[in-house]
Amino acid sequence: MRSRDRPLFTSDCRLENGLPVRATTPLHMLTVTAHRCRIRPQWTSILNTFFIVLLGGLLAIQPVNLTSAGDSTVDDLAVRSTKLEAAGQWPELVSLCETAARKGELSNELYHRYDLAKIHCDLDRRSAEKAYQEALGHITEREARQLFVECLQRINSHHVTNPDFNKLISRGCLALHVAVSDPQFQSMHARQATPDRVALLQQHIQHILEARSIGSLSDAETVAIWIARAAQSVVGVRPAVTFLEMTAASVGGLDEYSAFLTTGQLNDLYAQIEGNFVGLGVELKSAEDGLLVVHVISGSPAERSGLKAGDHLIGIAGKPIAGMHVDAAAQLLQGPEGSRVTLAVLRGVGPARAMTVRREHVEIPSIENVELLDRVNGIGYLHITSFQKKTASDLDAAMRQLDAAGMRSLIIDLRGNPGGLLSAAVDVSDLFIDRGLVVATRGRSPEEDFNYTASHAGTWHMPITLLIDSDSASSSEIFAGAIKDHNRGKIIGVQSYGKGSIQGIFPMDAAGVGMRLTTAHFYSPTGQPYSRVGVSPDLWVQQTARPDASGQMINNDATLATALSEIRKTLNPVISQPVARRIIAQ
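Residues numbered from 1 in each chain as written. Predicted model: local features only at pLDDT ≥ 70, side-chain atom pairs only at ≥ 80, totals over all residues. Heavy atoms only, no water.

Visitor: Looking at this structure, I do not really get the overall build of the protein chain. What am I missing?
Guide: Helix and strand counts for the protein chain stand at 18 helices and 22 strands. Of the roughly 22,600 Å² of accessible surface on the protein chain, 50% is carried by carbon and sulfur atoms. (Helix = DSSP H or I, 4+ residues; strand = E, 2+ residues; numbered from the N terminus. Areas by Shrake-Rupley, 256 points an atom, 1.4 Å probe, with all protein chains shown as cover.)

Visitor: Which parts of the structure should I look at to understand the pairing of strand E19 (residues 489–493)?
Guide: Note on strand geometry: in a regular strand, side chains alternate between the two faces of the sheet. Both strand E18 (residues 464–468) and E19 contribute to a ladder of 5 bridges, which runs parallel. If you follow Ile 468 over to E19, its bridge partner there is Gly 493. Since E18 and E19 lie parallel, the crossover through helix H17 (residues 475–485) that links them has a hand, and here it is right-handed. Summarising the sheet, E19 and strand E22 (residues 539–540) pair through 2 bridges and their orientation is parallel. Counterpart to Ile 492 in the pairing with E22 is Leu 539. (Pairing = 2+ DSSP bridges. Right-handed = clockwise from strand over helix to strand, strands pointing away.)

Visitor: What's the story with the environment of Leu 422 in this structure? I'm lost.
Guide: Tracing the chain through its elements places Leu 422 in helix H16 (residues 422–430). Looking at Leu 422, the relative accessible area reads 0%, which means it is buried. Along the chain, Leu 422 and Val 439 lie 17 residues apart, while their C-alpha atoms are 9.2 Å from each other. (Buried < 20%, exposed > 50% of the residue type's maximum accessible area, 1.4 Å probe, protein only.)

Visitor: Could you clarify how one ought to interpret helix H6 (residues 141–158) in this entry?
Guide: In an α-helix, one turn spans 3.6 residues, which is why side chains three or four residues apart end up on the same side. Helix length check: H6, at 18 residues, gives a terminal C-alpha distance of 26 Å against a target of 26 Å (1.5 Å per residue), a fit within 8%. Every buried residue belonging to H6 is among Ala 144, Leu 147, Phe 148, Val 149, Glu 150, Cys 151, Leu 152, Arg 154, Ile 155 and His 158, and all of these are buried. (Expected span 1.5 Å × (residues − 1).)

Visitor: What is the right way to look at the nonpolar core in this model?
Guide: Across soluble globular proteins, you tend to see nonpolar side chains buried next to one another. Ile 169 and Ile 227 are the most contacted members of the largest nonpolar core, which has 72 residues in total. Looking at this core, the element that brings in the most residues is helix H10 (residues 217–235), giving 11 residues. Sequence-distant contacts of Ile 169, defined by excluding residues within four places in its chain, comprise Phe 148, Leu 209, Ile 214, Ala 220, Val 223, Ile 227 and Met 246. Of all hydrophobic cores here, the second largest spans 45 residues; its members include Ile 384, Ala 454, Trp 460 and Ile 478. (Core = buried A, V, L, I, M, F, W, Y, C linked by side-chain atoms within 4.5 Å. Contact = heavy atoms within 4.5 Å.)

Visitor: Just to check I follow, could you spell out the packing of aromatic side chains for this structure?
Guide: We describe a pair of aromatic rings using the distance from one ring centre to the other and the angle between the two ring planes. Counted under the stated rule, the structure contains 7 aromatic pairs. Aromatic side chains Phe 450 and Tyr 452 sit 5.9 Å apart centroid to centroid with 35° between the ring planes, which places their arrangement in the tilted category. Here the two residues Phe 450 and Tyr 452 agree in accessibility, since each one is buried. Each residue in the set Phe 387, Phe 432 and Phe 479 is aromatic and connected to the rest through ring pairs, giving one cluster. (Phe/Tyr/Trp six-rings, centres within 6.5 Å; stacked < 30°, edge-to-face > 60°.)

Visitor: I'm lost on the packing of H6 against helix H7 (residues 165–180) in this one. Help?
Guide: Geometrically, a packed helix pair is captured by the angle between its two axes and the distance between the axes. At a closest axis distance of 12 Å, the pairing of H6 and H7 adopts a crossing angle of 140°. The pairing of H6 with H7 is recorded here as oblique in orientation. Handedness of the crossing formed by H6 with H7: right-handed. Mapping the contact onto sequence places Phe 148, Leu 152, Ile 155 and Asn 156 in H6 and Phe 165, Leu 168 and Ile 169 in H7. Residues belonging to the contact of H6 with H7 are distributed by class as follows: 6 nonpolar, 1 polar and no charged. (Axes fitted to C-alpha atoms, helices over the stretch in contact; angles between N-to-C directions. Parallel < 35°, antiparallel > 145°, perpendicular 65-115°, else oblique. Left-handed = near helix turned anticlockwise from the far one by under 90°. Nonpolar A, V, L, I, M, F, W, Y, C, P; charged D, E, K, R; others polar.)

Visitor: Can you help me understand the sheet that holds strand E13 (residues 367–374) in this one?
Guide: Strand pairing in a sheet is mediated by backbone hydrogen bonds. Such pairs are either parallel or antiparallel. Strand order in the open sheet made by the 6 strands is E13-E14-E15-E18-E19-E22, with mixed pairing throughout. Edge positions in the sheet fall to E13 and E22, since each has one partner strand and no second. Both E13 and strand E14 (residues 379–384) contribute to a ladder of 5 bridges, which runs antiparallel. In the strand pairing of E14, Ile 367 is matched with Ile 384. Sheet strands touched by helix H15 (residues 391–404): E13, E14 and strand E15 (409–413). Its angle to E13, the strand with the most contacts, is close to 25°. Most of the contacts of H17 go to E18, to which it runs at about 135°, and overall it touches E14, E15, E18 and E19.

Visitor: Before we go on, may I ask you to explain the pairing of strand E20 (residues 501–507) in this structure?
Guide: Among the 7 residues of E20, 6 are classified as buried, and the element is accordingly described as predominantly covered. Of the strand pairs in this sheet, E20 and strand E21 (residues 514–523) are connected by 7 bridges, and their pairing is antiparallel. Looking at the pairing, Ile 502 lines up with Ala 520 of E21. The antiparallel hairpin formed by E20 and E21 contains 6 residues in its connecting segment, where Ala 511 sits at a positive phi of about 65°.

Visitor: Is there a simple way to think about the pattern of salt bridges in this case?
Guide: Opposite charge on two side chains permits them to pair, given that their charged atoms come into close proximity. For the structure shown, the criterion picks out 21 salt bridges. A salt bridge links Glu 85 to Arg 113; its shortest N-O distance comes to 3.0 Å. You can see Glu 85 sitting in helix H2 (residues 74–87) and its partner Arg 113 sitting in helix H4 (residues 108–128), a full 28 residues away along the chain. On the accessibility criterion, Glu 85 (27% relative accessible area) is partly exposed. By relative accessible area, Arg 113 is classed as buried at 11%. Between Asp 374 and Arg 568 there is a salt bridge, with its nearest N and O atoms 2.8 Å apart. You can see Asp 374 sitting in strand E13 and its partner Arg 568 sitting in helix H18 (residues 558–570), a full 194 residues away along the chain. A relative accessible area of 41% places Arg 568 in the partly exposed class. (Salt bridge = Lys/Arg side-chain N within 4 Å of Asp/Glu carboxyl O.)

Functional significance is not addressed by these values, which are geometric in nature.
Below, the structure is given as structure tokens:
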């Protein structure tokens, strides 16, 4: 039982006033949790290269598999980021610096370079989203201005820190300069833009910023109006477009997790939380020849059509996608339920073959690989891939299944789990903890202060061992931290990610957009912070392997092998009679 029953959401996010936007809840996120949107556990946004997940006709783009800043010296990072900036390789620059940025390890110069890359990537993402561009074409200046003010009001009242309006407007001006200098944006919104006119606009903006200090929301609105007028007269950008660009940049500059959400990103977040979407049921990663199939969801239309992990998509709906921006490729895969899309698929050597897949409703499991790894000793195993609305009930059902098969101890794998719903983390923790604090949240506003506690009813007393790694984040850390602080089980692996903040999802009235806003930080039962700290394991084991792209366990998984060895040391000799259920009846 939680001390105050208010639904919380991804990464960990909650809806404004705790009210769901839909009949049920909204990710990340996402989260989503945790790091934006629903992703496979082995590839989160804190890794590198581009990783995309098809959700509800939407694709969430995540960095994956380049060398991160954490693996580079400061000098090496500076050199590499400078080269990427000069080449305009903005996604790669974000991938290189993201982990260090979220841990506060970048110098001011490197952070500004990283932030510029984020602005470029966000602009590309908005430009590629057809639904957002259509909404942008219909929104009026008055509506856009009201949206800008509404977002600043939400920031002023709900963000975890007091906003610096001067900084927010400055970032908005930088984003506007990036936009009017971008050829694609020019073709859509700034047809009068030339190098000379862009430079002239910069001069106008500089004069505006020098003429008035920005210390309040009212000041910010006034300056934004002047800038919108200047952009319209000099390069022909409609004021509504300028307000939206400055809104997106202002929200995105607050912290590493707050963000402006387009219609597509907002729907993506809803799909993540619900654990279902309309799509093909594949997870994709960008490749030189197109897109690489990383994972095919069991029972999905993609699986029934014969797609397999390792396949390369080189064409979609008759269009070659080699060299195509990932967002543009994502648009080609989207479509309404029941529609079909034809893919050009390469598998191994030989020519590509055509494969037609029907877009259908797909369920995303948050509990996978439920099995008895050691039947002799009764050691069960399962993998929690994310924390969704039904994760606690699905976990309870999986444990009953394993218990009936003779489970005496359970390994819960949280490696790569980016998080999800805070409420789901509390409910999962409640399955194993009799009583006491699970997690505490603290924000700038007293309304954000909550203590979430466990209840006695329904508690499992099964011995448990948790596996964590550097990608275990957010809700995963809430669960692991609660288990550790209550001495309820052993934690094995390496230090977790250290994502200890809550994001609220605020849908806006205009253009179908919204914002993800950091509203509070959360703390362990003993009062320890998670942000940039994470959870330390009881037994350190450097991860050398993890489940592969198809979800199958790799034999040389040192962390799992260590967990099995440790559990076998503690188990009593196996008895011949059936194992009684280790749960207190409700």
